Amino acid sequence: MGIPVFILAGLLVHCVFLVSIFDIYFSSPLVHGMTPQQTPLPPPAKRLVLFVADGLRADSLYELNSNGTPRAPYLRSILENNGSWGISHTRVPTESRPGHVALIAGFYEDVSAVAKGWKENPVEFDSVFNESKYTWGWGSPDILPMFAKGATGDHVYTFCYTAESEDFGAQDAAELDMWVFDHVKSFFNSSRSNQTLFSALHEDRVVLFLHLLGIDTNGHAHRPNSREYKENIKKVDEGIKEIASMIENFYGNDGKTAFILTSDHGMTDWGSHGAGHPSETLTPLIVWGAGVNYPQKVTSQFFEDNFLKEWKLEDLKRMDVNQADIAPLMASLIGVPFPLNSVGTLPLEYLNNSAHFKAESMFTNAVQILEQFKVKMSQKKETTLSFLFTPFKPLSDSEQINFLKKTRLYIQQEKYDEAVSLCKTLINLALEGLSYYHTYDRLFLGLSIAMGFVGWTTYVILVIIKTHTNLTKTVQTNNQESTVLFYSFAFVGIIIAFFLLIQTCPWTYYVYCLLPVPVWYAVVREIPVIQDLATNLLSLRIGQSIGFLLVCTLGIEILVFSFFYRSALTIGLLVFAGWPVITQLWVQAKTTALIWTLLCVLLAIFPLMPVVGREPNISLVIAAGLLTLLISCFSLASLCKSENKYGNNEDLKIHFYQVLSIALSTYVVSSTHDSLKNKQGLPLLNQIASWMTLVSSSVLPLLSPTFLFRRLFSILLSLMSVYLLLSTGYEALFPLVLSGLMFVWINMEQEALQHYGLSLKQKLAVFNFAYATDISQFRQLHLDDVRRSFFFVFFIVTAFFGTGNIASVNSFDPASVYCFLTVFSPFMMGGLLVLKVVIPFVLVSCAFEAIQVTTQLSSKSLFLIVLVISDIMALHFFFLVKDYGSWLDIGTSISHYVLVMSLTIFMMLMNGLAQLLTTKRFELLRRTKHHSM
């Protein structure tokens, strides 16, 4: 198999493995074709006003100020005198889109929806807005259009401000909320002179939706404990008070309006959200008005968190709900059908109504969820062979009829409490059944993928042994045997495809089930190599082989562990620090070994630091900038000295430009930070300088000389100038220490080569990348090369988690892109944050490229070992993926698997990029003198 074919096959296999997880664990749970269910009794309210304060934490709203006064006086008086309150528990991902879908449509979006962006509607779904007679909404262009687009007919009207208004660097984001309140007031005023609008507003089943984004924007820009965030809450409180009294007056205090205030998600103390920390998942819920219970006094109530005491609310009954329960609550208050895909359970404690009404509403809720279960079951039944189909026992057809009959009977006999508890049992069973059918094929698909994984890894190991080592002789293949083999595997493939065809499976199932066939065919073809290898290994000492395997396993386990506990990287780096001592390398190179040990210890400090972005510290970024300047000036001076030996003035100029851009970046970071602190926004000049630096940094290294250390240093300076602009704290020092270690690593590998007598030491100072690809000099692999590849994977993982960048979605701090833009733009910000993560990667990849070249190995052979290591890690994470338990666990388990899988795909790309960065050189228009080595 040629190299390009092999790389293509590898990319394809890994892409299938990567995508499979979303099919196996996270496909959309929605089903279509249910009949709408509606409570037959008249509803308590004619209209509903929904306030969603985006990014508002429960504790921020309920806790008292330091002087004992409430932070939101109006809302506090509501929950003490007029309404019911509690905490709404949201689910991960705690982003605006999934939060609003749970509130308004009553179901939790699967992970795949997040990948499809905030703005669009990847899955068609029903919502309370869609079921209403009319809905009017005001607020952010990121949220409102989503519900208007999904609605049938023309009855959902939205009014949005421009996307540019969402500026993290702006004067005050509370203006966004003022905009909403002002527009609602003028809307009601204009309706008095507009007869059609006036009569529409007086219809039944009307929803008014106010989306208030100011709190979220202020939280991102200034953190939730800031004065701005708290003042914004006070402004929202005043706005709600005005709107509520205006609406009551407009309808002549008819007592037919219900009000709900809640939030889509909370926010961490460092101003981000997305993961499952309690500060992100606990949101406030206050309900008052028509059909809602009054405050209930209690003597004692128990919750695991100790908030009630802090908030001085021990004596008022707190009623917690899941976020999706709010949709059925809204539907039952205004009497619209429950949203078709809703999985929420109606929180009866909030309702102030007859026992009959509550029982009927609960029955409607149960039937609506049971409808989804029936559709899901019939879908599964159709696509499975009858003798292979195992139904969900607790809800067989007879059981369903039994449940419904019993409940109906209880309601007729006015045994309402029994009816309600039966409905709750039925809802829980139907939800269990939904999940049972949703995960029906999981084991079978999981096994197929695992088979493919093991086969692929085995094949790569065989390729390494066959082409890059002296362990096996070349073996002649028997044509007749290989034909038989081919046909037998083809036959297996046909049988599998036939089985899938009968069951009308989706096309992706064919890919997952047929992938192991060609992979294992390739492995079985190499049987002679395996036999040859076995005889070779048996001749070795058993102790050695077992020891080697144990060390390999231990190394990979440490890597897997480091994904969960960053401190595992510290342990690994401290072991690395002792490597020269363990292998006696320090005897022949004392200084290099000492510097190596020092830098390993220095780098080991980073994984112990708190995750980046919690506490911005601009002075550290400036210190890193000045340190880089100092180092580059030293190197500039040494260049000037050696200038007469090689190179020319052009090279000096380029080096000088790079030093200047480091100085510029340092200045831009500090002045942007000051400007944003004084609420003057992002200065235009700084923004231009930042983008120019970003563009130039990708070109400048390609103009520098291709001598080993000069080219690597040039790459470091360019990347460092961009990294400084994206830093907010101690992480600015990370690439410096990392690249220092990389430079020493290149020297250490030379010592190791000499130590094992593999080849002579190269003169690294005059080593030139451009002339290093002479094929005849490549040597075969040695056991020490496995260690080399392991070092590379370890450094790549350290580059990733060293500053805790990707521990979870919520550790992305928008503050790190403020030098480039402050207006909210998810894809632009995401892109820049990914770039920040990639920079340490590129440094490690370029160093590894240098090591491959200076140790005379073909890049393919080392790369294949790296592939095996990361594939074994990926298989670990494949079995660790969860879709149950706390949402934080689920999120982390997916991101780990996706990380390791994309790491492999990414390393293939990085390998290419590193080759380009180290070997290519653009000549400026001039004649040059060529120096050979």
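Here's a quick rundown of the structure.

The rules behind these values
- Residues numbered from 1 in each chain as written.
- Predicted model: local features only at pLDDT ≥ 70, side-chain atom pairs only at ≥ 80, totals over all residues.
- Heavy atoms only, no water.
- Helix = DSSP H or I, 4+ residues; strand = E, 2+ residues; numbered from the N terminus.
- Rg over C-alpha atoms; globule rule 2.2 N^0.38 Å.
- Buried < 20%, exposed > 50% of the residue type's maximum accessible area, 1.4 Å probe, protein only.
- 1 Å grid on protein atoms, 1.4 Å probe; cavity = no way out; pocket = protein on both sides within 12 Å on 5 of 7 lines; lining within 4 Å.
- Points joined across faces, edges and corners; volume = space filled by probe spheres on them.
- Nonpolar A, V, L, I, M, F, W, Y, C, P; charged D, E, K, R; others polar.
- Expected span 1.5 Å × (residues − 1).
- Disulfide = S-S within 2.5 Å.
- Contact = heavy atoms within 4.5 Å.
- Polar contact = N/O pair within 3.5 Å; in protein donor to acceptor, adjacent residues only side chain to side chain.
- Pairing = 2+ DSSP bridges.
- Bend = angle between axes of the 7 residues up to and from the residue.
- Patch = residues over 30% accessible without salt bridge, like charges linked within 9 Å, V, L, I, M, F, W, Y side chains within 5 Å.
- Areas by Shrake-Rupley, 256 points an atom, 1.4 Å probe, with all protein chains shown as cover.
- Salt bridge = Lys/Arg side-chain N within 4 Å of Asp/Glu carboxyl O.
- Axes fitted to C-alpha atoms, helices over the stretch in contact; angles between N-to-C directions.
- Parallel < 35°, antiparallel > 145°, perpendicular 65-115°, else oblique.
- Left-handed = near helix turned anticlockwise from the far one by under 90°.
- Core = buried A, V, L, I, M, F, W, Y, C linked by side-chain atoms within 4.5 Å.

### A short note on the overall build of the chain
A count of helices and strands for the chain gives 35 helices and eight strands. At 32 Å, the chain has a C-alpha radius of gyration in line with the 30 Å of a compact globule built from 933 residues. Taken along its principal axes, the extent of the C-alpha atoms in the chain is 95 × 70 × 50 Å. A buried classification covers 56% of the 933 residues belonging to the chain.

### What about empty space enclosed by the protein?
Applying the stated criterion across every chain, the model contains 10 cavities of 30 Å³ or more. In this structure, the largest cavity spans a volume of roughly 90 Å³. Taken together, Leu712, Ile715, Leu716, Ser739, Met742, Phe743, Ile746, Leu843, Cys846 and Ala847 make up the full set of residues lining the largest cavity. For the lining of the largest cavity, the secondary structure elements donating two or more residues are helix H30 (708-725), helix H31 (734-755) and helix H33 (826-854). The biggest single contributor to the lining of the largest cavity is H31, with four residues. Of the residues contributing to the lining of the largest cavity, the split by class is nine nonpolar, one polar and no charged.

### Looking at helix H28 (residues 649-677)
Each α-helix turn comprises 3.6 residues. Residues three or four places apart therefore point the same way. Along its 29 residues, H28 runs 42 Å from first to last C-alpha, staying within 8% of the 42 Å computed at 1.5 Å per residue. Of the residues flanking the end of H28, it is Lys679, one or two places downstream, whose phi is positive at about 60 degrees.

### Some points on the state of the cysteines
Disulfides are covalent bonds that connect the sulfur atoms of two cysteines. Applying the stated criterion across every chain, the model contains zero disulfides. There is no disulfide at Cys552, and the cysteine sulfur nearest it, in Cys600, is 20 Å away. Using a relative accessible area of 27% as the deciding quantity, one classes Cys552 as partly exposed.

### Some words on the environment of Ser132
Mapped onto the elements of the fold, Ser132 is located in the loop between helix H6 (128-131) and strand E3 (134-139). Leave out the neighbours within four places in its chain, and Ser132 touches His155, Arg205, Val207 and Val336. Of the polar contacts made by the side chain of Ser132, one reaches the backbone oxygen of Tyr134; its length is 3.5 Å.

### Considerations on the sheet that holds strand E7 (residues 282-289)
Spatially, the eight strands line up as an open sheet ordered E4-E3-E5-E1-E6-E7-E2-E8, and their pairing is mixed. With partners counted over all chains shown, the strands left at the sheet margins are strand E4 (156-160) and strand E8 (321-322), one partner each. Alignment of strand E1 (residues 47-53) against strand E6 (residues 257-262), held across six bridges, turns out to be parallel. Its bridge partner lying in E6, Val52 is registered against Thr262.

### Focus: H33
For H33, built from 29 residues, the straight-helix expectation of 42 Å at 1.5 Å per residue is met to within 8% by its first-to-last C-alpha distance of 42 Å. For H33, the principal kink sits at Val838 and spans about 30 degrees; a proline, Pro840, occurs within the next four residues. For H33, the tally of buried residues reaches 23 of 29 residues, placing the bulk of the element in the interior. Phi for Gln856, located one or two positions after H33, is positive at around 55 degrees.

### Looking at a nonpolar patch on the surface
A surface patch of nonpolar side chains, about 540 Å² in accessible area, is lined by Phe387, Leu388, Phe491, Ile495 and Phe499. Mapped onto the fold, Phe491 is located in helix H19 (residues 479-502).

### Considering the packing of H30 against H31
Taken N-terminus to C-terminus, the directions of H30 and H31 make an angle of 165 degrees; their axes are 11 Å apart at the nearest point. If you check the angle between H30 and H31, you find them roughly antiparallel. When the axes of H30 and H31 are compared, the crossing they make is right-handed. Together, Leu708, Phe709, Leu712, Phe713, Leu716, Met720 and Tyr723 of H30 and Pro735, Leu736, Ser739, Phe743, Ile746 and Asn747 of H31 make up the contact between the two elements. Considered class by class, the residues forming the contact of H30 with H31 number 11 nonpolar, two polar and no charged.

### Here we look at the pattern of salt bridges
Oppositely charged side chains may form a pair once their charged atoms are brought near each other. A complete count under the given rule lists 22 salt bridges for this structure. Note that Lys46 is salt-bridged to Asp204, the shortest N-O span being 3.9 Å. Taken together, the positions of Lys46 in the loop between helix H1 (3-25) and E1 and Asp204 in the loop between helix H9 (195-201) and strand E5 (206-212) put the pair 158 residues apart, joining distant regions of the chain. Owing to a relative accessible area of 30%, Lys46 belongs among the partly exposed residues under this scheme. Here Asp254 and Arg47 are joined by a salt bridge, their closest N and O atoms 2.9 Å apart. Within this pair, whereas Asp254 is found in the loop between helix H11 (227-250) and E6, its partner Arg47 is found in strand E1, the two being separated by 207 residues in sequence. The partly exposed category is assigned to Asp254, whose relative accessible area is 32%. A network of salt bridges, in which partner residues are shared, links Glu749, Asp785, Arg787 and Arg788.

### Some points on the nonpolar core
By size, the foremost hydrophobic cluster in this structure holds 142 residues, and its most contacted members are Phe453, Phe576, Trp596, Trp745, Phe795, Met873 and Tyr897. Here this core takes 16 residues from H33, the largest share from any one element. When neighbours within four sequence positions are excluded, Met873 is seen to be in contact with Ile556, Leu559, Val560, Phe563, Val793 and Val900. Among the nonpolar cores identified, the runner-up in size contains 67 residues, and Ala45, Val128, Ala331 and Tyr437 belong to it.

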